[in-house]
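# Analysis of the macromolecular model
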Amino acid sequence: MYQDHFSLSASSPAGTAPPAAPAPLRVGLLGLGTVGSGTYAVLQRNAALIAARAGRRIEVRMVAVRNLARARTVLGEEPGTPLLTDDPQALVCSPEVDVVVEVMGGTGLARSLVLQAIAHGKHVVTANKALLAEHGAEIFAAAQARGVVVAYEGAVAVSIPIIKALREGLTANRIEWVAGIINGTSNFILSAMRERGLGFAAALAEAQALGYAEADPVFDVQGTDAAHKLSLLAANAFGTLSQYPQVQVQGITAVDAADVAFAEQLGYRLKLLGIAKRHGTGLELRVHPTLLPESHLLAQVHGSMNAVMVKSDAAGITLYYGAGAGAEQTGSAVIADLVDLARSASLAPAQRVPALGFASGVQPGLPVVGADDVESAFYVRLDLSRPDATVPRVLQQLAADGVQVQRMAPHPHPSDPELRCLVLLTAPLALRTLRPALQAVEAWPTVLGYASVLRVESLA
Ligand code: HSE
């Protein structure tokens, strides 16, 4: 096994006793699945290096799991192996534990255990975005009242230290927007559809086999997971609590391979983006498949990788890129939180970095702008019969309704030789303006429903 050369024992002058080693930070691990195992492996492998950075050792003292036999194969039998239990209640109140790492997932038992841990004065580190998106207000309030930390770097874009970037690195800035590819599974699927021509189902099966997807992959492909993460990014960017219920969410389940190809021919890539943006005195909070110019940096993010771009007034545009899923990748973020705790646990709560980045003035929420009022350019695909007669009428109708068409491209229909696909790119406008125009066109017998309406962003 790799051994590094870091040591915590300070050299002492000849004849004097060496100073006592600082007390370790004692960890209780709730869950030893993908993330728990990855966290444990990195903590073991890099123990001395991590201790040298943290100023004291970080030791897993207890692990609570459902399946003890499986956990024994992960932990081994060597001396110093943590105490293994199938009683998570015992772990969250154990006097042998300073910090509870919640990597079991879910929002039922996990919520209850995290609140119990806080009530027992334990700090909490979690990678559970659903838990914090849905119950963050309750959990952060409980932690504040008890004077303990709830840290969650692993909950958003796992390997990317984006929470630290927003609440510490960019702390001087008024943030205008945050936009990111924050679901690795969806990005993997869209990349596989574009690069290898895979269908949606085959690409999802690969993502599951590679371990990127949530236990319930519906969360990934319907945009729920990205909405959970976006609500945490927005909270840190704009000084609000999580506004997860107000995020407008559209996933990738209805994405048609033909649109991926047509977008590419127009010079665009289709990405599932989470966007949080100032809009007057409110916020846009949205997750949806989005066309990005192929030269945009976010359009270069392939496979399960994630990236988050931030526009702020002083720093300008900054970009953060890294693995969006994975055992040790998430472990890296969980351990970063543990190191922060090892350094700061003895500080008074007011001296620590605030959980959501604002020491005061955190608001319950800002008004969220409805989807109809969010402006962007649009990609519209209409499937037509008798295109020679229908296309001019479509363009006339759109113009009459105030929709400016900037580009137009006809294509053969992917499955029906009797039909043509008309692809249009509009100038920026509100969905409120586009919708009635499309509804009028859709009513014609030669238009077979509007097949696809996708937002186009320049994020310049
Ligand atoms: N299922 C998540 C994703 C894992 O695909 O991004 C990391 O949160």
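Heads up: these notes are all about the structure in this document. It should be emphasised that the depicted structure is a prediction, and the values quoted were computed from it without experimental measurement.

## Here we look at the overall build of the protein
Looking only at helices and strands, one finds 15 helices and 17 strands in the protein. In summary, the protein has a C-alpha radius of gyration of 25 Å against a globular reference of 23 Å for 460 residues, a match within 12%. Taking the principal axes of the C-alpha coordinates as reference, the protein spans close to 95 × 45 × 40 Å. The buried share of the protein, taken over its 460 residues, is 52%. Considering only contacts in the protein between residues 6 or more positions apart, those separated by 24 or more positions represent 73%. Across the protein, 35 positive and 39 negative side-chain charges occur, with their mean positions spaced 5 Å apart.

## Concerning helix α1 (residues 34–45)
Helix length check: α1 (12 residues) gives 17 Å between terminal C-alpha atoms against 16 Å at 1.5 Å per residue, within 8%. Every buried residue of α1 is accounted for by G36, S37, G38, T39, Y40, V42 and L43.

## Some thoughts on the packing of α1 against helix α13 (residues 327–344)
Contact geometry of α1 with α13 gives a least axis separation of 7 Å together with a crossing angle of 65°. Where α1 crosses over α13, the two elements pack in a sense that is right-handed. In this structure, α1 uses T34, V35, G38, T39, A41, V42, L43 and R45 to contact α13, whose residues at the interface are A327, E328, T330, G331, V334, I335 and L338. The class makeup of the residues in the contact of α1 with α13 is eight nonpolar, five polar and two charged.

## Some words on the site of the ligand
Taken together, K129, N183, G184, T185, Y212, A213, E214, D220, D225, K229, G324 and A325 make up all the residues around the ligand. Within the backbone of G184, a nitrogen or oxygen atom sits 2.7 Å from an oxygen atom of the ligand. Contact distances for the ligand include 2.8 Å between a nitrogen atom and a side-chain N or O atom of D220. Coverage of the ligand by the protein amounts to 94% of the 260 Å² it exposes when considered alone.

## Description of the side chain of K129
Along the chain, K129 turns up in helix α6 (residues 129–146). Overall, the relative accessible area of 13% leaves K129 in the buried class. Once residues lying within four places of it in the same chain are set aside, the contact partners of K129 are A155, E214, D225, H228, K229 and L232.

## A few points about the nonpolar core
Judged by nonpolar contacts, the single largest core of 81 residues is most densely connected at I162, L166, L233, L291, V310 and Y379. The leading source of residues in this core is helix α11 (residues 224–238), at nine residues. Once residues within four sequence positions are removed from consideration, L233 is found in contact with V156, I162, I163, L166, V178, I182 and V308. If you look at the next biggest cluster of nonpolar residues, it comprises 28 residues, including V27, A71, V125 and A342.

## Quick word on the packing of aromatic side chains
Applying the stated criterion across every chain, the model contains two aromatic pairs. Just above the ring of W444 sits the side chain of R393; from NZ or CZ to the centre is 4.0 Å.

## As for the environment of Q116
Structurally, Q116 is set in helix α5 (residues 109–119). Judged by relative accessible area, which is 24%, Q116 ranks as partly exposed.

## Focus: unusual backbone geometry
The phi dihedral of R386 falls on the positive side, at around 45°, and the residue is not glycine. For R386, the position within the fold is in the loop between β13 (375–384) and α14 (387–400). By relative accessible area, which is 56% here, R386 ends up exposed. Non-glycine residue L459 carries a positive phi angle of around 40°. Here L459 shows up in the segment after β17 (447–456).

## Section: the pattern of salt bridges
For the structure shown, the criterion picks out 23 salt bridges. Ionic pairing is found between D225 and K229, a salt bridge with its closest N-O pair at 2.6 Å. Here D225 and its partner K229 are both found in helix α11, four residues apart, which amounts to about one turn of the helix. A single burial state applies to D225 and to K229, both of which are buried. What emerges from the salt-bridge pattern is a single network uniting R57, E59, R61 and E96.

## Some points on the sheet that holds strand β1 (residues 25–30)
Judged by pairing direction, the sheet is parallel, and its six strands sit side by side in the order β3-β2-β1-β4-β5-β6 without closing on themselves. Edge positions in the open sheet fall to β3 (83–85) and β6 (150–151), since each of these has one partner strand only. As paired elements, strand β5 (residues 123–126) and β6 share two bridges and run parallel to each other. Looking at β6, one finds that V124 is bridged to V150.

Quick notes on the rules
- Residues numbered from 1 in each chain as written.
- Predicted model: local features only at pLDDT ≥ 70, side-chain atom pairs only at ≥ 80, totals over all residues.
- Heavy atoms only, no water.
- Helix = DSSP H or I, 4+ residues; strand = E, 2+ residues; numbered from the N terminus.
- Rg over C-alpha atoms; globule rule 2.2 N^0.38 Å.
- Buried < 20%, exposed > 50% of the residue type's maximum accessible area, 1.4 Å probe, protein only.
- Contact = heavy atoms within 4.5 Å.
- Lys, Arg positive; Asp, Glu negative; His and termini not counted.
- Charge placed at Lys NZ, Arg CZ, Asp CG, Glu CD.
- Expected span 1.5 Å × (residues − 1).
- Axes fitted to C-alpha atoms, helices over the stretch in contact; angles between N-to-C directions.
- Left-handed = near helix turned anticlockwise from the far one by under 90°.
- Nonpolar A, V, L, I, M, F, W, Y, C, P; charged D, E, K, R; others polar.
- Near = heavy atom within 4 Å.
- Polar contact = N/O pair within 3.5 Å; in protein donor to acceptor, adjacent residues only side chain to side chain.
- Areas by Shrake-Rupley, 256 points an atom, 1.4 Å probe, with all protein chains shown as cover.
- Core = buried A, V, L, I, M, F, W, Y, C linked by side-chain atoms within 4.5 Å.
- Phe/Tyr/Trp six-rings, centres within 6.5 Å; stacked < 30°, edge-to-face > 60°.
- Lys NZ or Arg CZ within 6 Å of the ring centre and 35° of its normal.
- Salt bridge = Lys/Arg side-chain N within 4 Å of Asp/Glu carboxyl O.
- Pairing = 2+ DSSP bridges.

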